[in-house]
Amino acid sequence: MLDIKALRRQYPILERKVYGKPMIYLDNSATTQTPLQVVDAIRDMYLSHKANVHRGVFLLAQEATELLESARTRVQRYINAPSREEVIFTRGTTEGINLVASSLGQLLTPGDEVILTVMEHHANIVPWQLLQARKGIVIKVVPILPDGSLDLDAFRSLFTQRTRVVSFCHVSNVLGTVNPVKEMAAYAHEKGACVVVDGAQAVPHFKIDVQELGADFYAFSAHKMYGPQGIGILWGRREWLDRIPPYQGGGEMIKHVSFSGTTFEEPPLKFEAGTPDFVDIAALTSALDYIDSIGIEHIEAHENELMQYATAEMMKIPGMRIFGTAPGKAPVISFLVGDAHHYDTGMLLDKLGVAVRTGHHCAQPLMESLGIEGTVRASFALYNTRAEVNAFLAALHRILPLLGVG
Ligand code: PMP
């Protein structure tokens, strides 16, 4: 059992009031709040350790380099990567996927096929479309079943001799569906395809072991897992990191530069051009320590309990439609009430202090396939309480007449 009351003391923002009411923050899939421990780590980096990494011979620069490189080892341990050289620091999931699409994309030829799914975030669609425009690749899309799980028969049927890449989310940010990465990766590998996984919505909620999952690339963002705002991680299998060309060029990623030819660093530096966000990378260590000190399995159980309770109570509301009911789903509830527009529902909830997400959630193709424009989304984190869920439910009941429902 988590001592939520004690945990919440790490988050002064949760004491905030909005419109004079206690704020109930249920937009955790978009970004989680940051505990004091991580904020303190960022402050400490600025006040005592800031220097440019990998460059100076002086002590401060060596310390900064050491902090950055030990963060890499910490991430390696956190996701059980086989080697620390397979951990690349990025700006976030979006940059991680763009890196793969762009670099791996250079190995593809016109007519090569990339399989995506209809539940992808735009971050795992548009980079492939940019590649399509550059390289003439073909994009194929796996549909979903009515409960929001992936149609795995359709997935298997999309493979051809030309399938080179399969890229899909571990967890849908709208439906909460947890995709069977291990099985999908094994099948794709049998067919000779490279497997890219968008882990943005998975890493905050349950244990990730990249060796066990068996994909080739796995991307995620620190800001969705109690970490700092501007960084992410791309794990890549060493064989692939050796095969694909660099993403961006500049300082840090080279061995030697001359106008007659330039040689590149080994991974991971090969993919880390320019000055890295050392402060946030070092502070990420603190976020991982924080999660480990609580125990990701306790976080998972707590969030799941809140989601199950909220779902059961929401289903009692007339006209309630929940999108995504796959077994074992992550703690995200996307819904619509009667014919009410999602913005109206979201704005009325906001006036009562409840922060939920509204809109297409950067998943317009999914919305199109569901025949809707958007949803309201409530998503949970370790610091949410049953009392907050009750307040959310009470707020929903209160606005029903205004939405013309009930
Ligand atoms: N993929 C998924 C499934 C997401 O939910 C998000 C964030 N909403 C992203 C990718 C993009 O993450 P970021 O903006 O941190 O790069």
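Below is a summary of the structure that appears in this document. Remember, predicted model here, so these are calculated numbers, not experimental data.

Cut-off values and rules
Residues numbered from 1 in each chain as written. Predicted model: local features only at pLDDT ≥ 70, side-chain atom pairs only at ≥ 80, totals over all residues. Heavy atoms only, no water. Pairing = 2+ DSSP bridges. Helix = DSSP H or I, 4+ residues; strand = E, 2+ residues; numbered from the N terminus. Axes fitted to C-alpha atoms, helices over the stretch in contact; angles between N-to-C directions. Contact = heavy atoms within 4.5 Å. Core = buried A, V, L, I, M, F, W, Y, C linked by side-chain atoms within 4.5 Å. Buried < 20%, exposed > 50% of the residue type's maximum accessible area, 1.4 Å probe, protein only. Near = heavy atom within 4 Å. Polar contact = N/O pair within 3.5 Å; in protein donor to acceptor, adjacent residues only side chain to side chain. Areas by Shrake-Rupley, 256 points an atom, 1.4 Å probe, with all protein chains shown as cover. Nonpolar A, V, L, I, M, F, W, Y, C, P; charged D, E, K, R; others polar.

Details of the sheet that holds strand β9 (residues 217–221)
If you walk across this open sheet you meet the seven strands as β4-β10-β9-β8-β7-β5-β6, and the pairing is mixed. With partners counted over all chains shown, the strands left at the sheet margins are β4 (87–90) and β6 (138–142), one partner each. In this sheet, neighbouring strand axes are inclined to one another by 20 degrees on average, regardless of whether the strands run parallel or antiparallel. Pairing of strand β5 (residues 113–117) with β6 involves five bridges; the strand directions are parallel. What sits directly across from Thr117, in β6, is Val142. Sheet strands touched by helix α5 (residues 126–135): β5, β6, β7 (163–169) and β8 (194–198). Its angle to β6, the strand with the most contacts, is close to 150 degrees. In this fold helix α7 (residues 181–190) packs onto β7 and β8, with an angle of close to 155 degrees to the strand it touches most, β8.

Topic: the nonpolar core
By size, the foremost hydrophobic cluster in this structure holds 85 residues, and its most contacted members are Val75, Tyr218, Tyr226, Leu284 and Leu382. For this core, the element with the highest residue contribution is helix α10 (residues 278–294), accounting for 11 residues. Among the nonpolar cores identified, the runner-up in size contains 30 residues, and Ile24, Met307, Ile322 and Ile399 belong to it.

Regarding the site of the ligand
Neighbouring the ligand are Gly92, Thr93, Thr94, His121, Ala123, Asn173, Asp198, Ala200, Gln201, Ser221, His223 and Lys224. Within the side chain of His121, an N or O atom sits 3.2 Å from a nitrogen atom of the ligand. Contact between the ligand and Asp198: a nitrogen atom at 2.5 Å from a side-chain N or O atom of the residue. Isolated, the ligand exposes 400 Å² of accessible area, and the fraction of that covered by the protein chains is 84%. Of the residues contributing to the shell around the ligand, the split by class is two nonpolar, eight polar and two charged.

Some remarks on the sheet that holds strand β13 (residues 320–323)
Pairing within the open sheet is antiparallel, and its four strands lie in the order β13-β14-β17-β16. With one partner strand each, in any of the chains shown, β13 and β16 (357–359) form the two edges of the open sheet. Going from strand to strand, the sheet's axes swing by 30 degrees on average, the running direction of each strand aside. Examined bridge by bridge, strand β14 (residues 332–337) and strand β17 (residues 375–379) share four bridges and lie antiparallel to one another. Considered in β17, the bridge of Val332 is made with Ser379. Strand contacts of helix α11 (residues 296–314): β13 and β14, with the helix running at about 15 degrees to β14, the strand carrying the most contacts. The sheet strands contacting helix α12 (residues 342–351) are β14, β16 and β17, and the helix crosses β16 at an angle near 160 degrees.

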